[in-house]
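Topology and contacts: notes
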Amino acid sequence: MEMDFRKLPDNQHEILVRARKGPDVRLPAQTVGPTLPHDLVHAVVETALGIEDGFWGAMARGATFEGFELVFPGRHRRSGLKVLRRGGDAVMAAELTVNWAYRVWRGLPTEGRGVGLAPLDEAALARTTPHLDSAAARWAALPEGGELRWRWGWTAQEPRGRGRP
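Described in the following lines is the structure provided in the data block. Model, not experiment: these values are computed from the prediction.

Moving on, we get to the pairing of strand 1 (residues 2–8). Burial analysis of strand 1 places 6 of its 7 residues in the buried class, the great majority of the element. Where strand 1 folds back on strand 2 (residues 12–18), the antiparallel hairpin that results is connected by 3 residues, among which Asp-10 adopts a positive phi of roughly 60°. Relative to strand 5 (residues 147–151), strand 1 runs antiparallel, the two being bridged by 5 bridges. Note on strand 5: the bridge partner recorded for Asp-4 is Arg-149.

A word on the pattern of salt bridges. Per the stated rule, a full pass over the model turns up 9 salt bridges. Arg-151 serves as the salt-bridge partner of Glu-2, at 2.9 Å between the closest nitrogen and oxygen. Here the residue Glu-2 occupies a position in strand 1, and Arg-151 occupies one in strand 5, the gap between them amounting to 149 residues. Both residues of the pair, Glu-2 and Arg-151, count as buried. Glu-14 is paired through a salt bridge with Arg-6; the nearest N and O atoms lie 3.0 Å apart. For Glu-14, a relative accessible area of 16% translates into the label buried. Taken together, the shared-partner salt bridges connect Glu-2, Asp-4, Arg-18, Arg-149 and Arg-151 into one network.

An ideal rise of 1.5 Å per residue puts 16 Å on 12 residues; helix 1 (residues 38–49) measures up with 17 Å between its terminal C-alpha atoms. Taken across its 12 residues, helix 1 has 11 buried, putting it largely inside the fold. Immediately downstream of helix 1, the backbone of Gly-50 shows phi near 70°, a positive value.

What counts, and at which threshold
Residues numbered from 1 in each chain as written. Predicted model: local features only at pLDDT ≥ 70, side-chain atom pairs only at ≥ 80, totals over all residues. Heavy atoms only, no water. Buried < 20%, exposed > 50% of the residue type's maximum accessible area, 1.4 Å probe, protein only. Helix = DSSP H or I, 4+ residues; strand = E, 2+ residues; numbered from the N terminus. Pairing = 2+ DSSP bridges. Salt bridge = Lys/Arg side-chain N within 4 Å of Asp/Glu carboxyl O. Expected span 1.5 Å × (residues − 1).

Purely geometric numbers; function is a separate question.
Laid out in structure tokens, this is it:
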């Protein structure tokens, strides 16, 4: 599966997801957040930790999530909801793991009211930090209209400038 994260004006981004089980989908313009698109953080952390049943693993298996649209209108023959019914707990666990890794990487509080217990140990965090650093540098270097391609199951990302296929 390939995910193209395109940098748009006004701190926005969009995502195109291809070569998955199920139709190609896209996420229309969304706010990036303070440093990286949230779904790119998922790709980085899930890859670094070998999480195959999280958000992007579910997408690869054909899951559909709110906000994503079919690239080519038509019926989705295999319901993405079935994938989520079978693997929803793992997707939620990945959400907590990714959010924790991002929180630590950003230097946000990890103790106190409402924070909860750490779902990651120091060794796991040490695996995610350099990958988040690299993704943040690549995202920051992208020109408006540029894309960062992430191939699910691979560790390499390809930044692409405007106008490249």
